Amino acid sequence: MDSVSIGIANNITFARLASRRAKPGGSFHLRQESVAEFLAPLDIDNLHGFGYSARQKAEEKLGTTNLGELAQKSKATLCEALGKGTGETLYKALRGIDDRQLESDKPRKSVSCDINVRAPRPWCIALLDASLAVWYTLREQRPSRDICSPDGRGGFAQAQKH
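Calculation rules
- Residues numbered from 1 in each chain as written.
- Predicted model: local features only at pLDDT ≥ 70, side-chain atom pairs only at ≥ 80, totals over all residues.
- Heavy atoms only, no water.
- Helix = DSSP H or I, 4+ residues; strand = E, 2+ residues; numbered from the N terminus.
- Buried < 20%, exposed > 50% of the residue type's maximum accessible area, 1.4 Å probe, protein only.
- Contact = heavy atoms within 4.5 Å.
- Areas by Shrake-Rupley, 256 points an atom, 1.4 Å probe, with all protein chains shown as cover.
- Salt bridge = Lys/Arg side-chain N within 4 Å of Asp/Glu carboxyl O.
- Axes fitted to C-alpha atoms, helices over the stretch in contact; angles between N-to-C directions.
- Parallel < 35°, antiparallel > 145°, perpendicular 65-115°, else oblique.
- Left-handed = near helix turned anticlockwise from the far one by under 90°.
- Nonpolar A, V, L, I, M, F, W, Y, C, P; charged D, E, K, R; others polar.
- pLDDT = per-residue confidence, 0-100.

Quick look at the overall build of the chain
Within the chain one finds seven helices and four strands. When its helices and strands are written in sequence order, the chain yields β-α-β-α-α-α-α-α-β-α-β. Looking at the chain as a whole, 29% of its 162 residues are labelled buried. Looking at the chain alone, contacts between residues at least 24 apart form 38% of all its contacts between residues at least 6 apart. Counting only carbon and sulfur atoms, one obtains 50% of the accessible surface of the chain, whose full area is about 11,300 Å².

Examining the pattern of salt bridges
Within the structure shown, the criterion is met by three salt bridges. One salt bridge in this structure joins D43 and R55, with 2.0 Å as the shortest N-O distance. Pair noted here: D43 is in the loop between α2 (35-39) and α3 (52-62) and R55 is in helix α3, with a separation of twelve residues, a long-range link.

Some points on the packing of α3 against helix α5 (residues 75-82)
Where α3 contacts α5, the axes come no closer than 9 Å and their chain directions differ by 115 degrees. Overall, the two elements α3 and α5 adopt an arrangement that is roughly perpendicular. Every pair of crossing elements has a handedness; the one defined by α3 and α5 is right-handed. Residues A54, K57, A58, K61 and L62 of α3 touch α5, and the partners they reach there are T77, L78, A81 and L82. Here the contact of α3 with α5 is built from residues that sort into six nonpolar, one polar and two charged.

Some points on the confidence of the model for the chain
For the chain, per-residue confidence averages 78 on the pLDDT scale, and residues scoring 70 or more make up 69% of the total. For residues 143-162, every residue scores under 50 in pLDDT, and the model assigns this stretch 46 contacts once sequence neighbours within four places are set aside.

A few points about the side chain of N11
The topology assignment puts N11 in the loop between β1 (6-8) and α1 (12-22). Look past the residues within four positions of N11 in its chain and what remains in contact with it is G96, I97 and D98.

Written out as structure tokens, the structure reads:
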């Protein structure tokens, strides 16, 4: 069964978070006046673009990874702990400053297929064969380090065009 989740907010960063909150198959409108309350219990790695490294630095240098607590820190403190670029980006994100524009007509840069197989069934095997055929075709068209090989646990193929 397919479903669509819709996140509505005044910028891309918050719309991503709202969409995650709406899953599965719902909608959520994150209003500007509710942002601080919404962010308060979340962790730094809930924000797109902030992963393991930012989490580790925040924990080690600031003693927290909680967005509510990080929002209380000054821009200078965040920049000193996380680095100038990451600190400024986090400072802006926590305050709803995101001037990026949506690019709906942007050309697709990747093709991917992800298959999870629990028990071998004829249709699963056919689907896996088809996805591997796509992977091999893509690999032949653009051999590079960006193409990952099948993982052997059900199949995964991804190709990225630059």
